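Chain residues, written in single-letter form:
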Amino acid sequence: MTLNKAVFLDRDGTIMFDSGYVSDPEKVDIFDETVEALKALKEAGYLLVVVTNQSGIARGYFNMDELEKVNSRMCELFKEHGVLFDKIYVCPHRDEDRCTCRKPLPGLIFKAARELDIDVSVSFMIGNSRSDVHAGISAGCKLNFLIGAEKGSLSKDNTLSVGSVGDAAEIILTVDGTFDKMESQQ
Ligand SMILES: [Zn+2]
């Protein structure tokens, strides 16, 4: 069996606007500038898997049903631009719950890997916080991108700081050779 490759994406602050414990579907605002990058990754054969900490559930700010509505709204907005996510994985806990799924722990990525037959070693993590990157490192992702930080070189932890999801996508497609193939076809 051939395993899938995936790009794991943080949600709030990475692919949609983070207004803090988003619970109202009407307030969902996606980052349009990520659309082309996500499409390119999908076309290159990557599953798009969202992995998100939603401690607002454990804190009682919203319930799973309300969270589902927010996620559905986000998916709907991306779908209008032609982007389909393969699955969204949620950690509903807070630190005190000592779960294994809250990033920086790699539980959500491992769960996705099991359920969607993903080879994590040829997959990537993109997020806007250090906990995203640490989850990717712990899970064994090939490269981990920290969005919005100052640009920097590759560290020993396979982490790269980039300005945007688009920058991350370009590097991913270069690393796996897809970008070169696209260039030579033109
Ligand atoms: Zn959890």
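Structure shown above.
A brief report on the enclosed structure follows. (Residues numbered from 1 in each chain as written. Predicted model: local features only at pLDDT ≥ 70, side-chain atom pairs only at ≥ 80, totals over all residues. Heavy atoms only, no water.)

We now examine the overall build of the chain. The helix and strand tally for the chain stands at six helices and six strands. Its C-alpha atoms give the chain a radius of gyration of 16 Å, within 12% of the compact-globule value 16 Å for 186 residues. Summarising its shape, the C-alpha atoms of the chain cover approximately 50 × 40 × 35 Å along the three principal directions. Relative to its 186 residues, the chain shows a buried fraction of 45%. Nonlocal contacts in the chain, meaning residues at least 24 apart in sequence, comprise 61% of its contacts between residues at least 6 apart. Side chains of the chain carry 21 positive and 30 negative charges; the gap between the two charge centres is 5 Å. (Helix = DSSP H or I, 4+ residues; strand = E, 2+ residues; numbered from the N terminus. Rg over C-alpha atoms; globule rule 2.2 N^0.38 Å. Buried < 20%, exposed > 50% of the residue type's maximum accessible area, 1.4 Å probe, protein only. Contact = heavy atoms within 4.5 Å. Lys, Arg positive; Asp, Glu negative; His and termini not counted. Charge placed at Lys NZ, Arg CZ, Asp CG, Glu CD.)

Turning next to the sheet that holds strand β4 (residues 124-127). If you trace the six strands from one edge of the open sheet to the other, you get β3-β2-β1-β4-β5-β6, paired in parallel fashion. Unpaired on one side and paired on the other, β3 (87-91) and β6 (159-162) mark the two borders of the sheet. Taken over all neighbouring pairs, the strand axes of this sheet differ in orientation by 20° on average, direction set aside. Relative to β4, strand β1 (residues 5-9) runs parallel, the two being bridged by three bridges. Counted as the bridge partner of valine 7 is phenylalanine 124 from β4. In the packing of helix α1 (residues 35-43) onto the sheet, the strands contacted are β1 and β2 (46-53), and the crossing angle to β2 comes to about 130°. Lying on the sheet, helix α2 (residues 64-80) is in contact with β2 and β3; it crosses β3 at an angle near 145°. (Pairing = 2+ DSSP bridges. Axes fitted to C-alpha atoms, helices over the stretch in contact; angles between N-to-C directions.)

Right, let's get into the coordination of the zinc ion. Protein-derived ligands of the zinc ion are Cys91 (SG), His93 (ND1), Cys99 (SG) and Cys101 (SG), with the metal-ligand distances lying across 2.0 to 2.3 Å. Sequence positions of the donors to the zinc ion reduce to the motif C-x1-H-x5-C-x1-C. A relative accessible area of 0% places cysteine 91 in the buried class. We classify cysteine 99 as buried; its relative accessible area is 16%. (Donors = N, O, S within 2.8 Å, 3.2 Å for Na, K, Ca; no water.)

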